[in-house]
Amino acid sequence: MKLNMQGNIDDLTQGVVELQRLLGIELAEDGIAVHVERGDGPLTVKLSQGQGVIRYQDKIHFFRALGLFVEQARAQAEFSITEHPQFTYNGTMIDASRNAVPNVHMMKEMMRSMALMGLNGVMLYTEDTYEVPERPYFGYMRGRYTAEELYDIDQYAAQFGIEIVPCIQTLGHLAQALKWDYADELRDTEDVLLAGSEETYRFIEDMIVAVTKPLRSKRIHIGMDEAFGLGLGRYLFKNGFRERFDIMNEHLNRVMDITRKHGLEPMMWSDMYFHLLMNNGGHYYDLDIDFSAEVVEKIPKGVQFVYWDYYHDDQGFYEEFIEKHRKFGSDPVFAGGVWVWGSMSPNYGKTWQNTNPALMACKSKGIKEVFATAWGDNGQETNHMTILLGLQLFAEHGYTAGEVDEAKMKERFKLCTGQDFDDYWQLTYLDETPGVTKNNMHGSNGSKFLLWQDTLIGLFDKHIEGELETALPEHYAKLAQRLADARGKATGDHVRVFDLYAKLAETLAAKAAIGLQVTRAYQGGGTAELRRIAEDVLPRIRALVDTTRKAHRSVWMATSKPFGWEVLDIRYGGVLARLQSAEDRLIDYVEGRTDRLEELEAERLPFYSNDPVGEHRVSHSPFFHRITTGAVLSAT
């Protein structure tokens with residue numbers, strides 16, 4: 001499609017050029033005339049009698065409008081669309097701290113899609129994955145961003161009106177930064193900074209200066225969530241016990257002194273204030289908490305609070321908790337989530353069931369700033385590109401006063417990413433399997449525990465006894481074919497995403513029930529069957545696991561820095577080594593070199609004693625070290 005853009009478009013042209021390939025358009029004088037106007041009012045897109053019009057207010061609105069124009073012009077000769085943006089800030093927080101640091105190529109690819117969605121914000125969550133010149137061990141061997149890379153990302157984003165906001169930590173969640181010996185005097189507990197120490201505030205200022213200097217935004221997210229060890233480590237020995245609410249206030253004041261010095265506008269996660277003000281340090285989402293005027297007065301002013309919540313499916317709850325945050329004296333920023341953490345694959349069902357009421361609540365309560373977190377807990381096993389489906393949901397809520405039109409959203413996803421919505425949705429079925437309730441609200445993550453668990457010490461075997469022993473392999477075999485079909489339709493780096501998941505599903509089809517098969521053959525005295533498993537079945541599973549590893553490595557190297565992949569190589573390598581050991585152990589038994597296999601004689605128990613097998617989910621554990629062994633795989 002050829003377009004002849006007219007009007008004052010100098011500030012837009014380079015962004016349009018960057019989107020040409022994704023949109024399949026060409027800028028040409030003999031193209032459809034599209035008059036571009038900037039001003040107050042809603043986003044408007046029209047085509048009538050061969051003449052097009054785009055009216056927009058903010059830069060990001062133009063690029064959403066451009067996508068809408070191309071989408072509609074391919075389908076009909078005349079149209080008129082008006083949209084009213086619901087949020088002033090809408091985007092995502094990308095986790096670059098859980099081993100996979102998105103490379104500049106991937107960030108640009110994602111921002112092209114975000115521009116067409118109409119999303120104008122990216123927070124880069126970097127605990128220690130950016131360079132601090134004065135601190136050479138900060139982010140050492142972690143794939144940290146250079147100042148030049150951050151500048152490049154920021155410049156590229158600005159073409160579309162996307163704001164890059166640094167999202168760091170200035171209190172807790174700093175275990176990786178504090179593990180080196182240079183940090184001995186900075187450490188309160190393993191992952192919490194020593195509040196009140198002058199060296200701590202020199203350290204924080206070095207961080208803040210380094211991460212903000214390459215970026216044009218004056219906003220900064222200073223973190224401070226889940227710092228549960230505050231005041232309870234070296235601080236306690238140095239100062240004695242003090243009310244942690246007071247320590248928090250003093251620390252926040254000092255950090256805000258630094259942000260004021262550098263002309264920055266801070267925001268922070270709100271949960272620590274909820275935690276510290278509840279009796280016995282209660283749960284963040286306790287609705288019984290009530291902030292008195294006296295207490296609120298003690299909290300430093302000038303910081304914006306971020307309400308994070310991706311757990312509830314009740315609009316009323318979100319509305320009530322928004323009002324709790326308003327007691328701090330201002331509207332919060334709302335942070336929802338695209339559930340891509342704690343598993344090998346995304347949980348889109350839970351994302352949808354929780355996001356829709358959350359964003360409806362934000363619109364109902366007049367919240368103007370929202371974003372979707374995309375955490376990567378326990379090693380970022382799920383690729384960042386899988387968040388795009390959830391970002392489309394945030395985008396459509398951002399331009400729709402009421403409920404989102406699902407059919408329209410699917411069309412928009414195709415336009416904004418070039419990929420098929422329903423194909424991407426198939427990824428959710430790696431965990432939403434037989435035995436799991438619709439939308440997987442209880443977080444079953446079979447794609448993770450079935451891949452990593454041991455053949456001889458199957459900690460999750462109890463959960464798949466009975467019907468699931470055949471239902472799960474059948475489910476994964478059919479899913480593998482659907483994902484292979486999707487791979488054939490995908491383009492660009494998306495091909496690698498579907499290649500990984502097609503191979504993972506094929507591997508799970510073969511591996512899911514192998515522990516039960518081995519145990520049953522051993523306990524039934526079937527030496528011939530044990531030999532068959534050792535010589536035929538386990539070598540095939542090993543080959544499938546290694547093929548999955550290589551596909552996973554391919555998508556990682558295409559979209560992330562190489563640092564951190566070594567962790568997944570070690571995990572895959574562990575599975576491969578243990579499968580080899582299982583082969584050897586079975587053959588040793590069959591050929592009489594050992595008279596028993598104690599691993600297969602041990603009783604299989606449910607992974608969680610208080611989580612009944614077969615109720616709501618198959619099972620769940622987000623941590624590799626818990627899944628793979630009952631022995632010690634951690635530092636202690």
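As a reminder, the structure under discussion sits directly above these lines.
Residues numbered from 1 in each chain as written. Predicted model: local features only at pLDDT ≥ 70, side-chain atom pairs only at ≥ 80, totals over all residues. Heavy atoms only, no water.

A.B. asks: Describe the packing of helix 13 (residues 388-398) against helix 14 (residues 406-417), listing the residues and the values that go with them.
C.D. replies: Remark: helix 13 packs on helix 14, axes separated minimally by 10 Å, with the N-to-C direction vectors making an angle of 120°. Taken together, the axes of helix 13 and helix 14 are oblique relative to one another. Between helix 13 and helix 14 the crossing geometry is right-handed. On helix 14, the residues that touch Leu-388, Leu-389, Gln-392, Leu-393 and Glu-396 of helix 13 are Lys-408, Met-409, Arg-412, Phe-413, Cys-416 and Thr-417. (Axes fitted to C-alpha atoms, helices over the stretch in contact; angles between N-to-C directions. Helix = DSSP H or I, 4+ residues; strand = E, 2+ residues; numbered from the N terminus. Parallel < 35°, antiparallel > 145°, perpendicular 65-115°, else oblique. Left-handed = near helix turned anticlockwise from the far one by under 90°. Contact = heavy atoms within 4.5 Å.)

A.B. asks: Outline the layout of surface pockets, listing residues and values.
C.D. replies: Its boundaries defined by the atoms lining it, the second largest pocket holds a volume of some 360 Å³. As for the second largest pocket, its lining consists of 16 residues, and the residues nearest its centre are Arg-21, Leu-22, Glu-109, Arg-112 and Gly-492. Put simply, the parts of the chain that give the lining of the second largest pocket at least two residues each are helix 1 (13-23), helix 3 (104-117) and helix 18 (493-511). In terms of residue count, helix 3 provides more of the lining of the second largest pocket than any other element does, four residues in total. Residue composition of the lining of the second largest pocket, grouped by class: three nonpolar, eight polar and five charged. (1 Å grid on protein atoms, 1.4 Å probe; cavity = no way out; pocket = protein on both sides within 12 Å on 5 of 7 lines; lining within 4 Å. Points joined across faces, edges and corners; volume = space filled by probe spheres on them. Nonpolar A, V, L, I, M, F, W, Y, C, P; charged D, E, K, R; others polar.)

A.B. asks: Describe in detail the environment of Val-545, supporting the description with residues and values.
C.D. replies: Checked against the element boundaries, Val-545 lands in helix 20 (residues 527-559). For Val-545 and Tyr-125, which are 420 residues apart along the polypeptide, the C-alpha to C-alpha distance reads 31 Å. Setting aside residues no more than four positions away along its own chain, Val-545 makes contact with Thr-507, Tyr-572, Val-575, Leu-576 and Leu-579.

A.B. asks: Any details on the environment of Trp-375? Residues and values, ideally.
C.D. replies: Locating Trp-375 in the fold gives a position in the loop between strand 16 (369-374) and helix 13. A polar atom in the side chain of Trp-375 sits 2.9 Å from the side chain of Tyr-310. (Polar contact = N/O pair within 3.5 Å; in protein donor to acceptor, adjacent residues only side chain to side chain.)

A.B. asks: Can you break down the pattern of salt bridges residue by residue, with the values?
C.D. replies: Counted under the stated rule, the structure contains 49 salt bridges. Between Glu-163 and Arg-219 there is a salt bridge, with its nearest N and O atoms 4.0 Å apart. Taken as a pair, Glu-163 in strand 9 (residues 163-167) and Arg-219 in strand 12 (residues 219-221) lie far apart in primary sequence, 56 residues in all. In this structure Glu-163 comes out as partly exposed when scored by relative accessible area, which is 25%. A salt bridge links Arg-542 to Glu-583; its shortest N-O distance comes to 2.6 Å. One end of the pair, Arg-542, is in helix 20; the other, Glu-583, is in helix 21 (residues 565-590), with 41 residues separating them in the sequence. (Salt bridge = Lys/Arg side-chain N within 4 Å of Asp/Glu carboxyl O. Buried < 20%, exposed > 50% of the residue type's maximum accessible area, 1.4 Å probe, protein only.)

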